[in-house]
Amino acid sequence: MESTKYPVLLVHGMMIKDFSLWPAFRGITDFLRKQNVTVYVSNQDGVGSVETNAAQLKQEIEEILEKENCNKVNIIAHSKGGVDSRYMISRLDMADRVASLTTLSTPHHGSGLSARLLEMPASWAKTIAFFTDTFYKILGDKQPNILLLGQELTGDAMERFNEAVPNMPAVYYQSYSSTAPGKKAFLRYIPYRISRYCEQDDTDGMVAVKSSQWGNYRGSMGTELDHFKMVGVYGTKKKLAGVGLFYLHIIHELRDMGF
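How each quantity is defined
- Residues numbered from 1 in each chain as written.
- Predicted model: local features only at pLDDT ≥ 70, side-chain atom pairs only at ≥ 80, totals over all residues.
- Heavy atoms only, no water.
- 1 Å grid on protein atoms, 1.4 Å probe; cavity = no way out; pocket = protein on both sides within 12 Å on 5 of 7 lines; lining within 4 Å.
- Points joined across faces, edges and corners; volume = space filled by probe spheres on them.
- Helix = DSSP H or I, 4+ residues; strand = E, 2+ residues; numbered from the N terminus.
- Expected span 1.5 Å × (residues − 1).
- Buried < 20%, exposed > 50% of the residue type's maximum accessible area, 1.4 Å probe, protein only.
- Contact = heavy atoms within 4.5 Å.
- Pairing = 2+ DSSP bridges.
- Axes fitted to C-alpha atoms, helices over the stretch in contact; angles between N-to-C directions.

**A word on the layout of surface pockets**
As a volume, the second largest pocket reaches approximately 260 Å³. Lining the second largest pocket are 15 residues, and of these R26, G27, T29, D30 and F31 lie nearest its centre. Listing elements by their share of the lining of the second largest pocket, those giving two or more residues are α1 (28–34) and α9 (237–256). The element that contributes the greatest number of residues to the lining of the second largest pocket is α1, accounting for five residues.

Next up, the structure:
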């Protein structure tokens with residue numbers, strides 16, 4: 001038996017949506033299901049605030065629990081999805097509905113990139129936010145608010161968040177980071193250098209290693225899983241199945257721990 005005691009919910013991060021033509025965790029979910037893992041994919045807003053996304057996640061989990069006739073889920077969350085999940089667990093009375101939370105490159109201690117982007121003139125920021133929110137509303141977001149989202153992910157904001165949103169004793173928390181290769185494909189090199197400059201630390205192209213650490217820090221996923229590949233944004237079917245092997249490793253460990 002490959003699956004865990006409780007079903008697995010994969011939670012995507014910022015600017016990702018679970019589209020039918022280009023789903024979140026593309027290639028990874030299919031691989032896990034072929035290994036007999038009971039797995040679901042979240043579909044909270046791509047550019048929603050932490051609070052509104054957490055409420056959407058809560059509703060999704062309640063539906064999963066009813067469908068599977070169980071009382072808990074295991075969450076594996078990518079990027080900002082980990083922040084949404086932590087808020088949901090601690091502030092929306094879901095600690096008794098979540099067995100474990102595994103975060104992958106989540107900016108638990110803030111994003112230097114968010115802070116830099118917020119330094120642009122207010123008129124620019126509002127214009128960009130308007131068009132981004134409109135675009136994501138067309139794509140299905142219920143409450144898009146990318147400007148608020150950016151403000152929530154700064155270092156200062158996340159420091160306050162961490163004080164207000166403590167870990168719940170009944171939930172097992174673990175985290176992983178990743179480091180993107182500094183010199184490979186051109187389109188991967190550019191975001192890596194920008195991120196490296198903003199964070200002043202090794203990053204996966206978006207989130208710093210030091211910011212990814214929360215709960216039981218398990219180390220790096222390696223240098224082949226940058227911020228986008230680990231959620232299936234790009235990659236061949238064969239390569240994404242390889243990414244799925246890492247998820248399966250996490251799932252095996254959770255299963256062996258009784259989750």
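The discussion continues.
**Side note on helix α2 (residues 50–68)**
Compared with an ideal rise of 1.5 Å per residue, which puts 19 residues at 27 Å, α2 spans 26 Å between its outermost C-alpha atoms and is within 8% of the ideal. Looking at α2, one finds that the buried residues are V50, T52, N53, A54, Q56, L57, E60, I61, I64 and L65. For α2, the elements touching its buried residues are β1 (8–11), β2 (39–41), β3 (73–78), α3 (80–91), α6 (146–152) and α7 (155–164). Looking one or two residues beyond α2, the residue adopting positive phi is N69, at roughly 55 degrees.

**A few points about the sheet that holds strand β5 (residues 172–177)**
Taken in spatial order, the six strands of this open sheet run β2-β1-β3-β4-β5-β6, and their pairing is parallel. Of all the strands in the sheet, just β2 and β6 (216–220) have a single pairing partner and so form its edges. Geometrically, the sheet is characterised by an average inter-axis angle of 20 degrees between neighbouring strands, direction not taken into account. With three bridges joining them, β1 and β2 adopt parallel strand pairing. Counted as the bridge partner of L9 is Y40 from β2. Running over the sheet, α3 touches β1, β3, β4 (98–104) and β5 and is turned about 145 degrees from β3.

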